[in-house]
Amino acid sequence: MRVFNFSAGPAALPEEVLRQAADEMLDWHGSGMSVMEMSHRGREFMSIHEEALLDLRELLKVPASHRILFLQGGGLGENAIVPMNMLGSHTTADFVVTGSWSQKTLKEAAKYCTPHMAATGETAAGFTRSPARAEWHLSDNPAYVHLCTNETIHGVETFEIPDLGDIPLVADVSSHVLSRPLDVAKFGVLYGGAQKNIGMAGMTIVIVREDLLDRALPICPSAFEWRTVAENNSMYNTPPTYAIYIAGLVFKWLKRQGGLEAIEARNLEKAKLLYETIDTSDFYINKVERAARSRMNVPFFLADESRNEDFLAGAKARGLMQLKGHKSVGGMRASIYNAVPLEGVKALVEYMKEFEQSRA
Ligand SMILES: *Cc1c(COP(=O)(O)O)cnc(C)c1O
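Bear in mind the structure is a predicted one, so any value in this text is a computation, not a measurement.

*Asks:* How should the environment of R209 be read in this particular structure?
*Replies:* Inspection of the secondary structure assignment puts R209 in strand β12 (residues 204-209). A C-alpha to C-alpha distance of 41 Å links R209 and D279, two positions 70 residues apart in sequence. If sequence neighbours within four positions are ignored, R209 has contacts with S65, H66, F187 and G188.

*Asks:* Please explain the domain arrangement of the chain as it appears in this structure.
*Replies:* Accessible area lost during the coming together of the parts is what is often quoted as the interface size. Domain boundaries assigned for the chain yield domain 1 (15-256) and domain 2 (259-358). Using C-alpha coordinates to define each centre, domain 1 is positioned 27 Å away from domain 2. Contacts between domain 1 and domain 2 engage 27 residues on the former and 25 residues on the latter. At the boundary of domain 1 and domain 2, one finds two salt bridges. Notably, a salt bridge pairs E261 with K61, separated by 3.8 Å at the nearest N-O pair. Taken together, the links from domain 1 to domain 2 amount to twelve residue pairs in polar contact (both at pLDDT 80 or more). When contributions to the side of domain 1 that touches domain 2 are tallied by element, the ones reaching two or more residues are α2 (43-60), β9 (156-157) and α6 (241-256).

*Asks:* What am I meant to see in the state of the cysteines here?
*Replies:* Using the criterion set out here, one finds zero disulfides in the structure. Not engaged in a disulfide, the cysteine C148 finds its nearest cysteine sulfur in C113; these two sulfurs lie 18 Å apart. The buried category is assigned to C148, whose relative accessible area is 1%.

The rules behind each value
- Residues numbered from 1 in each chain as written.
- Predicted model: local features only at pLDDT ≥ 70, side-chain atom pairs only at ≥ 80, totals over all residues.
- Heavy atoms only, no water.
- Helix = DSSP H or I, 4+ residues; strand = E, 2+ residues; numbered from the N terminus.
- Contact = heavy atoms within 4.5 Å.
- Domains from an automatic or database assignment.
- Salt bridge = Lys/Arg side-chain N within 4 Å of Asp/Glu carboxyl O.
- Polar contact = N/O pair within 3.5 Å; in protein donor to acceptor, adjacent residues only side chain to side chain.
- Disulfide = S-S within 2.5 Å.
- Buried < 20%, exposed > 50% of the residue type's maximum accessible area, 1.4 Å probe, protein only.

Put into structure tokens, the structure is as follows:
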């Protein structure tokens, strides 16, 4: 029996995708091999790779000005890879800090430059908001401005993407990419690990504007130098082949769902149901400003925290898994990525209501 998995990552995958991968495990399309066993330069894998690139470009409407790279190293790896590729002759970069992940990004950048915190969403209640452009105080000559558009731990999502003119905007989209349409042209760079909303761990997506490919520092490892990776079509070294294959299956699944507009409508319905359940009760609390509430990661607290273990045990007994909040925040967190069905969220809110009534 499959459970409803609310993990923040690695996270739920569409069952159809897992079944297809299982069917094709031993013999991919008559090749007599598993995708895992194929040469990354062979005709079969090249076709898998090309199709994944094309489908991602189509889904996200990535303009011709931007290259799509499939790398390794994860979101945290990019915290070093981005400055090494983007600083050029600059000595600083600017950071909008909206939660733990962007905090980490700023800290790592300090190894390569003097980072400047342009704005923070931290309040007395923790990270609860995404400061608007009018509140950003940019430095004189930053190499780029960094933003994490969905803070996975604090559940803070940024919906307004400002135009910064000549300054490239770099965004960590790890935990909400493909959850809704995004205007890629507004960004210099988008990056994210695949294990939240794309596929499996081991693959990192970087979408970078062509004119930003020539700013790498000499210390940047060649395997992570975006120009080198782009010129070799993400095959400078062996790419994460199986993870690319799984991502490709997820892209096809998303297209069958009707693309990003259709998946956004479903994600909105899921998020609305869960936030309404929290808001209409004194038993559950979410502290994030309404305008910045994440549609993908919903942290919440029980007003009486002595009931946490009880809540989690009851959830588990119903097959509602991985609801424990991140250790730095506590409480609960339901990650409701694309692959978590509406029925999963319905089962969760039904349980939340029953748990509240039984303890009233
Ligand atoms: C999960 C996550 C990361 C870290 O990704 P790794 O693949 O573990 O390096 C970075 N940023 C965000 C927003 C995330 O959700």
